[in-house]
Amino acid sequence: AQKITQTQPGMFVQEKEAVTLDCTYDTSDPSYGLFWYKQPSSGEMIFLIYQGSYDQQNATEGRYSLNFQKARKSANLVISASQLGDSAMYFCAMSSFSGGYNKLIFGAGTRLAVHP
Amino acid sequence: GAGVSQSPSNKVTEKGKDVELRCDPISGHTALYWYRQSLGQGLEFLIYFQGNSAPDKSGLPSDRFSAERTGGSVSTLTIQRTQQEDSAVYLCASSPHGQGSYNEQFFGPGTRLTVL
């Protein structure tokens, strides 16, 4: 069975500092994707970054980067130069492609608070 | 509109009543997903549509839950004889197609259901 584990219920960081949000996963599928979503207090789910299981390079999107360690089954999100607007819930999710279609399995989330 | 829309945004109902939640996906998106987010939790997959058919209903928690999609577009999630544990935010997402590799899912704003 597929599973996503986020062990940090809450994190805080000083503005302009970098922060790492942890995510580990478990799957027996050879082909899968890893996603990070941001959910502000308004409730919408905002896609941040994607990493495919066969991608050789770690994904980056602006201030977001994904530290993908396949052997350790981890996909940590790194946010550089934190901003006050980064305060939100962050969800790690996995999609398996071997079933012929996508569905996302989500972790429990990490609440990030950015302090001025 | 350009994004996924859901209605109503909020629904308060009494235990035992039936409710219908509506999702309008992005035009042209063939894949549609329903997820449920209980308070303080991650998202839980409910059902996946490809066109009008639902190849994966494995996440529906009981036979009180059903969903349909007509015309390859609008979807309705119906909960019969609502219970207090059904209280949650119900999120809909769509993607251009459901199969194969990376396929970003675009989420709607959700319907917050409260069962008294």
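Everything below is about the structure printed above this text.
The structure contained in this document is the topic of the report that follows.

The rules behind these values
Residues numbered from 1 in each chain as written. Chains lettered and ligands numbered in written order. Predicted model: local features only at pLDDT ≥ 70, side-chain atom pairs only at ≥ 80, totals over all residues. Heavy atoms only, no water. Helix = DSSP H or I, 4+ residues; strand = E, 2+ residues; numbered from the N terminus. Buried < 20%, exposed > 50% of the residue type's maximum accessible area, 1.4 Å probe, protein only. Pairing = 2+ DSSP bridges. Axes fitted to C-alpha atoms, helices over the stretch in contact; angles between N-to-C directions. Salt bridge = Lys/Arg side-chain N within 4 Å of Asp/Glu carboxyl O.

1. As for unusual backbone geometry
Link 1 in the chain: The residue after Ser-7 of chain B, namely Pro-8 of chain B, is reached through a cis peptide bond having omega -10 degrees.
Link 2 in the chain: Within the element layout of this structure, Pro-8 of chain B appears in the loop between strand 1 (5–7) and strand 2 (10–13).
Link 3 in the chain: Not every positive phi belongs to a glycine, and Lys-16 of chain A is a case in point at roughly 80 degrees.
Link 4 in the chain: Within the element layout of this structure, Lys-16 of chain A appears in the loop between strand 2 (10–14) and strand 3 (19–21).
Link 5 in the chain: A relative accessible area of 69% places Lys-16 of chain A in the exposed class.
Link 6 in the chain: At Arg-81 of chain B, a residue that is not glycine, the phi angle is positive and equals roughly 45 degrees.
Link 7 in the chain: When you line up the elements, Arg-81 of chain B lands in the loop between strand 8 (75–79) and strand 9 (88–95).
Link 8 in the chain: A residue is classified by how much of its surface remains accessible, and Arg-81 of chain B, at 42% relative accessible area, is partly exposed.

2. Description of the sheet that holds strand 8 of chain B
Residues and elements named next belong to chain B.
Link 1 in the chain: An order of 1-3-8-7 is seen for the four strands of this open sheet, with the pairing classed as antiparallel. This sheet does not close on itself; its edge strands, each paired only once, are strand 1 and strand 7 (65–69). With strand direction ignored, the average angle separating the axes of adjacent strands in the sheet is 15 degrees.
Link 2 in the chain: Bridge count between strand 1 and strand 3 (residues 19–24): three bridges; the pairing is antiparallel. When the sheet's bridge partners are listed, Gln-6 is paired in strand 3 with Cys-23.

3. Observations concerning the pairing of strand 3 of chain B
Residue and element names in this part refer to chain B.
Link 1 in the chain: Burial of the side chains of strand 3 is restricted to one face: Val-19, Leu-21 and Cys-23 are buried, whereas none of Glu-20, Arg-22 and Asp-24 on the reverse face is.
Link 2 in the chain: Direction of pairing for strand 3 relative to strand 8: antiparallel, over a ladder of five bridges. Across the sheet, Leu-21 pairs through a bridge with Leu-77, a residue of strand 8.

4. Thoughts on the pattern of salt bridges
Residue and element names in this part refer to chain B.
Link 1 in the chain: Throughout the structure, instances matching the rule amount to six salt bridges over all chains.
Link 2 in the chain: Two residues, Arg-22 and Asp-24, come together in a salt bridge whose shortest N-O distance is 2.9 Å.
Link 3 in the chain: For the salt bridge of Glu-44 with Arg-36, the shortest nitrogen-to-oxygen distance reads 3.2 Å.
Link 4 in the chain: Judged by its relative accessible area of 32%, Glu-44 is partly exposed.

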